[in-house]
Amino acid sequence: MRTTLHNGLRLLTTHMPGMRSASIAFFFNVGSRYEPDAVSGVSHFIEHMLFKGSQQFPSAKAISEAIEGVGGNFNGSTGKELTSYTARVPGEYLPVVLRTMADMIRNPLFDPAEVEKERNVIIEELNSTQDDPQEWVNLLIDEAMWPELPLGRDDAGSVEIVSRLQHQQMLDYMTTYYRPNSLVLSVAGNIDHEQVIEQVKQLFGDWEPADHPHWNECLPPRDASPVRMIQKDTEQTNICLATLGTAYASQDYYPLLLINGILGDGMSSRLFQSIREEQSLAYDIGSYVNSYYETGSLVVSAGVDPSRAPDAIRAIIAELTRLCEEPVPADELERIKAYVRGGILLGLEGTQQMASWLGSQECLYNRVWDVDEVIAKVDAVTVEDIQRVARNCFAPEWRRLAIIGPDSPNRATQFKQLLTGA
């Protein structure tokens, strides 16, 4: 059930018979791509601060006890386009947790002392990324695809900017973007629709709406330097090879989703079978899709022996080229469709997954796709669609490479040559 309050807040309620739990997901239309460079990381900082105390629950401990004390768990997440706050709780305690989270969101304290403590925590979080080359290389590939653009930044910002973010800048940013007309609240599980609607009206009905600035278009440049390398004394060379992707509202989104399944999602994928099983070039190999409002990327990631990094890159390029040149066999396409369908259906069995699925769709598409509609879109993809999208997205001018390992950045020219497939 979809209800829109007079101030623009959108409420989605889903009754799931037989469930003993209820889940809440708050989605705000704001993330790191909305941020000016001077305050990059502020969305993530605000997300952290909302857990540090509110008017009715004046400390992080008080908030935790209010939710965990009734058997619930909760979390927050900042992405490039959305910021979310979620909780899962035994159904009978939903009103308690909803009231707690409403106070977190509407009445955070932003105590200056807590801001400084959390600043140190976030700086340590940023520093820890550089201790994990596998995580770091996934950030580096975004920089390669969207250099000097918001989509190429770490959602958490940088140590330099986070160190000097001011208390008032956070409050101003939150006042600008945290508005009821920017919020989708999704509740799923063992719930009563009317009771939830009534409580949400009581908690949020007096919140005034306001327009906020939009994001700027962030298309990847064709002429960007294709290789980013960081030399680090590691046992493995960590590789990310990216190509152009699609916007999630594009007609090519579902063909790309299936291409990702064919390439590197799962142990039956081509990359896993070829690069790990047949050639023994990598222990860890896979791919994933990033999709945003107007653009996207497909990323292949692998950890390989440094001496075999060129061979692994050649093997990845060979699989991309194969998808462009050879039609996917019909039986392979049907198998991948079944795999993707299964992932969608199995991913909606819990109350938290359902609340998040519905809330994120409403936030991004301004509508909720029925699961059967999504399955129909997957099933409608043809062999020709796969080849057409592969040719568009995998063209050599869109290939980007990020490498973290013992290789010297002086070898960037050699790796750039590998991207051409020559």
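Below or above, wherever it landed, is the structure these notes cover.

Conventions we followed
- Residues numbered from 1 in each chain as written.
- Predicted model: local features only at pLDDT ≥ 70, side-chain atom pairs only at ≥ 80, totals over all residues.
- Heavy atoms only, no water.
- Helix = DSSP H or I, 4+ residues; strand = E, 2+ residues; numbered from the N terminus.
- Rg over C-alpha atoms; globule rule 2.2 N^0.38 Å.
- Areas by Shrake-Rupley, 256 points an atom, 1.4 Å probe, with all protein chains shown as cover.
- Lys, Arg positive; Asp, Glu negative; His and termini not counted.
- Charge placed at Lys NZ, Arg CZ, Asp CG, Glu CD.
- Contact = heavy atoms within 4.5 Å.
- Polar contact = N/O pair within 3.5 Å; in protein donor to acceptor, adjacent residues only side chain to side chain.
- Pairing = 2+ DSSP bridges.
- Axes fitted to C-alpha atoms, helices over the stretch in contact; angles between N-to-C directions.

Right, let's talk about the overall build of the protein chain for a bit. When helices and strands are counted, the protein chain shows 16 helices and 11 strands. By the compact-globule yardstick of 22 Å for 422 residues, the protein chain fits well, its C-alpha radius of gyration being 23 Å. Projected onto the principal axes, the alpha-carbon positions of the protein chain cover approximately 65 × 50 × 35 Å. A total of about 18,200 Å² of accessible surface is found on the protein chain, and carbon and sulfur atoms cover 48% of it. If you average the places of the 35 positive and of the 58 negative side-chain charges in the protein chain, the two averages end up 2 Å apart.

Within the secondary structure, Thr-234 sits in the loop between β7 (227-231) and β8 (237-244). Residues Thr-234 and Leu-271, 37 residues apart in the sequence, show an inter-C-alpha distance of 23 Å. Setting aside anything within four residues of it in sequence, one finds Thr-234 in contact with Pro-133, Ile-404, Gly-405 and Pro-406. Among the polar contacts made by the side chain of Thr-234, one reaches the main-chain carbonyl oxygen of Gln-236 at a distance of 2.5 Å.

Attention shifts here to the sheet that holds strand β10 (residues 296-304). Taken in spatial order, the five strands make up an open sheet running β7-β11-β8-β10-β9, and their pairing is mixed. Looking at strand neighbours, the two that pair on one side only are β7 and β9 (282-291), the edges of this open sheet. Within this sheet the neighbouring strands show an average axis-to-axis angle of 10°, counted without direction. Where helix α5 (residues 133-145) meets the sheet, its contacts fall on β7, β8, β9, β10 and β11 (400-405), and the angle it forms with β11 comes to roughly 150°.

In short, shape yes, function no, at least from these values alone.
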